Amino acid sequence: MQSRQDVHQKLNEYFISILPEKLSNPLLKKINCLNKGDFNKRFEIRFASDESHLGHWWRNPIYLLAKPSANKVTLNFTLQPQRWPKDPIFFAKENIENVNSSVKEINSLIKKHQLQSSEVECEVKTEGKYLLSIAFAITMGSPNLEESNYVTCIDFISELALINHHLSESLNSGISVNDTQEEDNSDDDSESELGFPAISLTLGKHVDEETMRHYFSKWQKPSTVYNGRLGIKGFIPGFINTLNNDQVCPVFTVSDFNTISRQISENKIIPVLDYLPREFGIDKPWWIVPYCIWNEANASVLVLNKDGLYALDDNAEALKIIFGMDKIDKVEFEHVYDGDRFINRLYVHTENGYMAIDEFVLSEDHINSESYLSILGNIISIRQATINASKGQPMWFEGAGGEGFASINSPLDMLSPQAWENPLRPDPKDFGFNNEAHQSNAADKINETKTIILNDILASLAFLYLCVAGVDSGINEAEMNTVKAKLSEWKEDGDVTDCLNFVVSFWKTLDGELEKMIVEEIAQMLKSNLDENNLKAIKSDLLKIINTDDVIQDSEKGIILFICSILD
């Protein structure tokens, strides 16, 4: 089976070599294709009739993400133009016909190329701006795509680009000159909806105004998510000069971040930052995030070591642990959080919920690239196997996940391959860990529980509903209540508490890939055992679950399209 990286790399070759020449007038035979070199992330493809427009992220981007599985490859497409009219609601009403016409053209195009596709779905948001999302999924009936599949895909995209361009032009026609100027400003930091939060500051000893201004100028950028946000407490430590010092906390280039991230993720090496000054007071620190906002209410530096995440408390002097490493179940990183290209978010999940950590994107070049925060998430991810193996134990089963450790003497050392050579890789047997027994027991337990769930329709539905509810940022109380309510409709007495508790406990033990595989098995089982009306009811339940918070993320759209493509 091809991986997402395999599919994306092959598509990228065609994007560079073939796609531009297939574009029709009035489009330029040129594209702007962004994924920052990480072929596990989605593509953002821009087309234009004017070369200056290729740099405008808001005009008419097409997002593409491949999702391979055991028997097929699904290509998820999203067309997502944005505009800033004076009255977004009126503007949306005025452009309904334009949008509907484009959806019809896309359906005709899918039919023309004889592609298997999900229903084309359209969503419009009008809060502060006009945001249109047209989403659909194309399914290739083979886990290993051939040249002919890629050629068909490129032909399809070249025609889709023209439809998208005409839609974009129709949206431009409803905007006045002043509004267009506001849009043009939206491509830089001067756009009207970008701004800063109002932070209540607690200062450490000897923090002067000039040093503090340098700190915020370096690490906090304007955004839409935090524009004018109130209720945030900021903690500025006495060692603020360290955070301003490029010898300790540089603004890495995109290439630098990617180099560091590859060493960590591909070679499973955790850096030990021996160069962090003693003022931090952290034993053997693994990583630092110079500035972030956590739980949407606290702003400070974060430091990670094997015990967990440390941040500043109310006295702004000493870093204290805010999140124990042994409590972490998984992490999820999200670029362009809530549609804001200047905010990245990391979700740190535990059995009892999650913590959200936000960072400010440092420049246009850094959008969709690796970052201080994403690398922190990568370190936790490669540590996760050891975390899971060590839960409930008096000590860490060091090396249970195969990770190693490299001593780093300066930020620049992280860019040198020599600094990562010969990492210390602990033998977990030295800590009393029996890997074979652990893997066998874990696999047996997963298979045993999976069998129980697959043989019980109610438990299968519970798993499906939980995965949909939790795909964006964990499950909050409102989403859990919706899951429980929809699930209770499938049981005569309506009591689903025991079933739900059992499935929740199992679901929390799984990583993303295994969760997706079980979702696919469940959807196929339901397709084989339930009639058309029941399948329709399941799809209706899933839509109600993701609509609980009135905001549908791309990840939620993706899992719904994935499940529905199997159930249809």
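To be clear, the structure that these remarks concern was listed above.
Residues numbered from 1 in each chain as written. Predicted model: local features only at pLDDT ≥ 70, side-chain atom pairs only at ≥ 80, totals over all residues. Heavy atoms only, no water.

A. How the structure looks around the overall build of the protein. Each helix and strand in the protein was counted, giving 17 helices and 19 strands. Among the 568 residues that make up the protein, the fraction classed as buried is 54%. Considering only contacts within the protein whose residues lie at least 6 apart along the sequence, 66% involve residues at least 24 apart. A total accessible area of about 25,200 Å² is found for the protein, and carbon and sulfur atoms account for 47% of it. (Helix = DSSP H or I, 4+ residues; strand = E, 2+ residues; numbered from the N terminus. Buried < 20%, exposed > 50% of the residue type's maximum accessible area, 1.4 Å probe, protein only. Contact = heavy atoms within 4.5 Å. Areas by Shrake-Rupley, 256 points an atom, 1.4 Å probe, with all protein chains shown as cover.)

B. Spotlight on the pairing of strand β13 (residues 298-305). Of all eight residues in β13, eight are buried; the element is thus mostly enclosed. Pairing of strand β10 (residues 232-236) with β13 involves two bridges; the strand directions are parallel. Bridge assignment links Gly234 to a residue of β13, and that residue is Ala299. Bridge count between strand β12 (residues 287-294) and β13: six bridges; the pairing is antiparallel. Of the residues in β13, the one forming a bridge with Trp287 is Leu304. Count of turn residues in the β12/β13 antiparallel hairpin: three residues, of which Asn295 carries a positive phi of about 60°. Bridge analysis of β13 against strand β14 (residues 308-312) gives three bridges, and the strand direction is antiparallel. Within β14, the position partnered with Asn305 by the bridge is Gly308. Two successive antiparallel strands, β13 and β14, enclose a turn made up of two residues. (Pairing = 2+ DSSP bridges.)

C. The pattern of salt bridges, seen in detail. Under the criterion given, the structure shown has 19 salt bridges. Note that Arg229 is salt-bridged to Glu296, the shortest N-O span being 3.7 Å. Taken together, the residues Arg229 in the loop between α7 (209-219) and β10 and Glu296 in the loop between β12 and β13 connect sequence positions 67 residues apart. The class of Glu296 is partly exposed, set by a relative accessible area of 31%. Here Asp568 makes a salt bridge to Lys539, at a shortest N to O gap of 2.6 Å. Linking Asp568 in the segment after α17 (554-567) with Lys539 in helix α16 (residues 532-546), this pair joins segments that are 29 residues apart in sequence. In this structure Asp568 comes out as partly exposed when scored by relative accessible area, which is 49%. (Salt bridge = Lys/Arg side-chain N within 4 Å of Asp/Glu carboxyl O.)

D. A look at α7. Those residues of α7 that sit buried are Thr211, Met212, Tyr215, Phe216, Lys218 and Trp219. The buried side chains of α7 occupy one side of the element, clustering within an arc of 165° when seen end-on. Those residues of α7 that are exposed and aimed more than 90 degrees away from the buried face are Glu209 and Glu210. Here α7 starts with a cap whose side-chain oxygen sits 3.2 Å from the backbone nitrogen of Glu210, and that cap is Asp208. (Arc of directions from axis to C-beta. Polar contact = N/O pair within 3.5 Å; in protein donor to acceptor, adjacent residues only side chain to side chain.)

E. Layout of the packing of aromatic side chains. Per the counting criterion, the structure on display carries 19 aromatic pairs. Seen from their ring centres, Phe77 and Phe136 are 5.2 Å apart, and the 10° between their planes marks the pair as stacked. With Phe77 in strand β4 (residues 73-79) and Phe136 in strand β8 (residues 130-140), the pair connects residues that are 59 residues apart, well separated along the chain. Phe136 sits in the buried class, given a relative accessible area of 0%. Between the aromatic rings of Phe257 and Tyr372, the centroid separation amounts to 5.4 Å while the plane-to-plane angle is 80°, which identifies the pairing as edge-to-face. One end of the pair, Phe257, is in helix α9 (residues 254-267); the other, Tyr372, is in helix α10 (residues 372-390), with 115 residues separating them in the sequence. What makes Phe257 buried here is its relative accessible area of 1%. The rings of Tyr215, Phe216, Tyr226, Tyr291 and Phe360 are connected pair by pair, giving a single aromatic cluster. For Arg42, the ring lying beneath its charged end belongs to Tyr63, and the centroid distance is 3.8 Å. The lysine or arginine in question, Lys516, covers the ring of Phe562, its NZ or CZ lying 5.3 Å from the ring centre. (Phe/Tyr/Trp six-rings, centres within 6.5 Å; stacked < 30°, edge-to-face > 60°. Lys NZ or Arg CZ within 6 Å of the ring centre and 35° of its normal.)

F. Broad picture of the nonpolar core. With 76 residues, the main nonpolar core has Phe280, Trp287, Ile288, Tyr291, Leu319, Ile357 and Met414 as its most contacted residues. When residues no more than four places from it in sequence are discounted, the contact partners of Trp287 are Ile260, Pro271, Leu273, Leu302, Val303, Leu304, Tyr372, Ile375, Leu376, Ile379 and Met414. (Core = buried A, V, L, I, M, F, W, Y, C linked by side-chain atoms within 4.5 Å.)

G. A look at the environment of Gly141. Inspection of the secondary structure puts Gly141 in the loop between β8 and α5 (147-172). Put simply, Gly141 and Lys72 are 69 residues apart on the chain and 4.8 Å apart in space, counted from C-alpha to C-alpha. Contact partners of Gly141, with chain neighbours within four places excluded, come to Asn71 and Lys72.

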